[in-house]
Structures are given as C-alpha cells and as structure tokens.
Amino acid sequence: MVIDLARWRGGAYTARIEEWMAMQKRIRIYQLGSLPPFLLVFAGLIKPVNHRWNQHGLGGDNFRGLCRDLHPGPVSLLHWSGKGKPWARLDAGRPCPLDALWSPYDLLQTPFALDS
C-alpha cells in the first residue's frame, strides 16, 4: 500500500478506519485480518501498483496451505500475506522454498537453506 500522507492527514482516514475497527470489535463483520477496514474506507479510491513493488501471497493459499512462487522479474518487497508465515513453517520443519529468503532474519536461528 502506498499512501499520500498529506491526503491521509487531510481526509481523517485514521478516524474512519478506527470506526470500522470499533464496529468489528462489537459485531464481527469481516474475517480477513487488518485489510478490510482499509478496503471499506478506500472503496473506489484504490489504484493498483505493479506487482514488482509488492510480492504478496508468499503466505500461501489460505485454504490448502500451498506454497507460492515469486512473480517473474525484480521484486521490491516480499510479503508473506495469508496464514502461512515463514517463521512458523520453519519452526515446524515444513518450509516453503521461498521461506529461506526470510530465514536469515529469524532471531531463533532456525537452520534452513534453499537447497534443503
């Protein structure tokens, strides 16, 4: 997500998102983590960015837990969106191949390499 901070501050977006979050706390209206309040507030105002800016979906398929590959070409940000987090898969001994990209940052020093 790329945000114009001047427009954000001028549009009272924080308060609007917090309203949806308060409603979610009272009555469960969505299931998908932190993204829905943003989608509700910014409906119709969102423009896509090239996939090279955000390689999303590395958390796998939320239904079957399948691993995903990188988009072709250069990528600026690796995003383990979804339920499959690399630290959990590494600790469980069931990593996806791309989890090795995250493993150097694992504070628990889980041993894992791309060729394992």
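Residues numbered from 1 in each chain as written. Predicted model: local features only at pLDDT ≥ 70, side-chain atom pairs only at ≥ 80, totals over all residues. Heavy atoms only, no water.

Caption draft 1: Examining the overall build of the protein chain more closely. Within the protein chain one finds four helices and zero strands. Reading the protein chain from its N end, one meets helices and strands in the order α-α-α-α. In terms of C-alpha radius of gyration, the protein chain reaches 17 Å, well past the compact-globule figure of 13 Å for 116 residues. A fraction of 27% describes how many contacts in the protein chain between residues 6 or more apart in sequence connect residues 24 or more apart. Summed over all atoms, the accessible surface of the protein chain reaches about 8,900 Å², with 61% contributed by carbon and sulfur. (Helix = DSSP H or I, 4+ residues; strand = E, 2+ residues; numbered from the N terminus. Rg over C-alpha atoms; globule rule 2.2 N^0.38 Å. Contact = heavy atoms within 4.5 Å. Areas by Shrake-Rupley, 256 points an atom, 1.4 Å probe, with all protein chains shown as cover.)

Caption draft 2: Structural detail: the packing of aromatic side chains. With the rule as written, the count across this model stands at six aromatic pairs. With a centroid separation of 4.8 Å and 35 degrees between ring planes, the pair formed by Tyr-13 and Phe-42 is classed as tilted. Highlighted residues: Tyr-13 in helix 2 (residues 13–26) and Phe-42 in the loop between helix 3 (35–41) and helix 4 (86–92), separated in sequence by 29 residues. In this structure Tyr-13 comes out as buried when scored by relative accessible area, which is 13%. The interplanar angle of 20 degrees and the centroid separation of 6.5 Å between the aromatic rings of Phe-38 and Phe-42 together place this pair among those described as stacked. Phe-42 gets classed as buried once you look at its relative accessible area, which sits at 15%. Grouped by ring-pair contacts, the aromatic residues Trp-8, Tyr-13, Phe-38 and Phe-42 constitute a single cluster. (Phe/Tyr/Trp six-rings, centres within 6.5 Å; stacked < 30°, edge-to-face > 60°. Buried < 20%, exposed > 50% of the residue type's maximum accessible area, 1.4 Å probe, protein only.)

Caption draft 3: Main features of the state of the cysteines. If you walk through the whole model with that rule in mind, you get one disulfide. The disulfide that involves Cys-67 links it to Cys-96, with 1.8 Å between the sulfurs. Taking the sign of the torsion about the S-S bond as the criterion, the disulfide between Cys-67 and Cys-96, at about -80 degrees, is left-handed. A residue pair is termed long-range when its members are at least 10 positions apart, and Cys-67 in the loop between helix 3 and helix 4 and Cys-96 in the segment after helix 4 qualify at 29 residues. (Disulfide = S-S within 2.5 Å.)

Caption draft 4: Spatial organisation of the side chain of Arg-89. Summarising the element assignment, Arg-89 is placed in helix 4. Exposure remark for Arg-89: the relative accessible area of 11% places this residue in the buried category. Side-chain polar atoms of Arg-89 contact the backbone oxygen of Gly-84, separated by 3.5 Å. Discounting chain neighbours no more than four positions away, the residues touching Arg-89 are Leu-58, Gly-59, Gly-60, Trp-80, Gly-84, Arg-94, Pro-95, Cys-96 and Asp-99. (Polar contact = N/O pair within 3.5 Å; in protein donor to acceptor, adjacent residues only side chain to side chain.)

Caption draft 5: Representation of helix 2. For helix 2, which comprises 14 residues, the first-to-last C-alpha distance of 20 Å matches the rise-based estimate of 20 Å (1.5 Å per residue) to within 8%. Of the positions making up helix 2, those classed as buried are Tyr-13, Ile-17 and Gln-24. Here the buried residues of helix 2 occupy an arc of 25 degrees about the axis, which is enough to place them on one side. Seen from the open side of helix 2, the exposed residues pointing more than 90 degrees away from its buried face are Glu-19, Lys-25 and Arg-26. At its buried positions, helix 2 is contacted by helix 1 (5–10) and helix 3. (Expected span 1.5 Å × (residues − 1). Arc of directions from axis to C-beta.)

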